[in-house]
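Reading the structure
For reference, the chains in residue letters:
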Amino acid sequence: DTGVSQDPRHKITKRGQNVTFRCDPISEHNRLYWYRQTLGQGPEFLTYFQNEAQLEKSRLLSDRFSAERPKGSFSTLEIQRTEQGDSAMYLCASSLEDRGAYFGPGTRLTVT
Amino acid sequence: KNQVEQSPQSLIILEGKNCTLQCNYTVSPFSNLRWYKQDTGRGPVSLTIMTFSENTKSNGRYTATLDADTKQSSLHITASQLSDSASYICVVSDTNGGGNNRKLIWGLGTSLAVNP
């Protein structure tokens, strides 16, 4: 499978706990994006990387959120001290330069 | 304000029939327009992507058209299958910031149900 993969697919956590998601982009894609999608809405941009450099962070990305792409390949998104409002689908996408983004299957987070 | 509007909001068709979904946008400047298919609880899957110079693009049973003058696009699905049941989302990228994937304006989608 050469598509974008994400792990885990589902995560249930208690409020206040930390969670970490992983994204493996399409191998030749140099750009990687994180989005958040709530029910009935389009994905909202959170942050993106060009290779290992994090070039932009949305104001939606509070201090509790951090993303890394240490070697310019896979990326992780960590949420500290989760809140119920963090419950959403977290989508990762990758692209080659400015071309169309290919999305992963998403990680659905439920904070209880 | 940059917006993407889709119609109809929902559609029910019988298996084997064709259908056409509409997208109107007010995004300016315009970089490209994409159609995605999204199953419930899954990530969006790209169907087509068109720049302003392209009028039509096909991907199997999916054919997208674009009229950059009237800022309208359509997605035509031929010989529908049960597996086509999903949300179809029109997404427009503007050229601010190079038109890359961080500047995507999403429509609310057309929910398509294909019944046997």
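These remarks concern the structure in this document. Here the structure is a predicted model, which means the values were calculated and not measured.

Moving on, we get to the sheet that holds strand β6 (residues 56-59) of chain B. The strands making up a sheet associate through hydrogen bonds between their backbones, and the pairing can be parallel or antiparallel. Residue and element names in this part refer to chain B. Strand order in the open sheet formed by five strands is β1-β3-β8-β7-β6, with antiparallel pairing between adjacent strands. One side of each edge strand has no neighbouring strand; the edge strands of this open sheet are β1 (4-7) and β6. Neighbour to neighbour, the strand axes of the sheet diverge by 15 degrees on average, direction disregarded. With six bridges connecting them, strand β7 (residues 62-67) and strand β8 (residues 72-77) associate as antiparallel partners. For A64, the partnering residue across the bridge sits in β8 and is L75.

Its boundaries defined by the atoms lining it, the largest pocket holds a volume of some 690 Å³. Elements represented by at least two residues in the lining of the largest pocket include exactly β5 (44-50) of chain A together with β1 and β10 (104-106) of chain B. The leading source of residues in the lining of the largest pocket is β10 of chain B, at three residues. Reported here for the second largest pocket is a volume of approximately 540 Å³. Taken together, 23 residues make up the lining of the second largest pocket; nearest its centre are Q37, L39 and G40 of chain A together with Q38 and S87 of chain B. Sorting the residues of the lining of the second largest pocket by element identifies β9 (88-95) of chain A together with β9 (86-94) of chain B as the ones contributing at least two each. Considering each element in turn, the lining of the second largest pocket owes the most residues, three residues, to β9 of chain B.

With that settled, the discussion passes to the nonpolar core. One finds V4, Y25, L33, W35, L75 and Y88 of chain B to be the most contacted residues of the largest nonpolar core, which totals 24 residues. Looking at this core, the elements with two or more residues in it are β3 (19-25), β4 (30-38), β5 (45-51), β7, β8, β9 and β11 (110-115) of chain B. Apart from residues no more than four positions distant in its own chain, L75 of chain B is found in contact with C19, T20, L21, W35, L47, Y62, T63, A64 and Y88 of chain B. In this structure, W34, L46, F49 and A88 of chain A belong to the second largest nonpolar core, which totals 19 residues.

What counts and what doesn't
- Residues numbered from 1 in each chain as written.
- Chains lettered and ligands numbered in written order.
- Predicted model: local features only at pLDDT ≥ 70, side-chain atom pairs only at ≥ 80, totals over all residues.
- Heavy atoms only, no water.
- Pairing = 2+ DSSP bridges.
- Helix = DSSP H or I, 4+ residues; strand = E, 2+ residues; numbered from the N terminus.
- Axes fitted to C-alpha atoms, helices over the stretch in contact; angles between N-to-C directions.
- 1 Å grid on protein atoms, 1.4 Å probe; cavity = no way out; pocket = protein on both sides within 12 Å on 5 of 7 lines; lining within 4 Å.
- Points joined across faces, edges and corners; volume = space filled by probe spheres on them.
- Core = buried A, V, L, I, M, F, W, Y, C linked by side-chain atoms within 4.5 Å.
- Buried < 20%, exposed > 50% of the residue type's maximum accessible area, 1.4 Å probe, protein only.
- Contact = heavy atoms within 4.5 Å.

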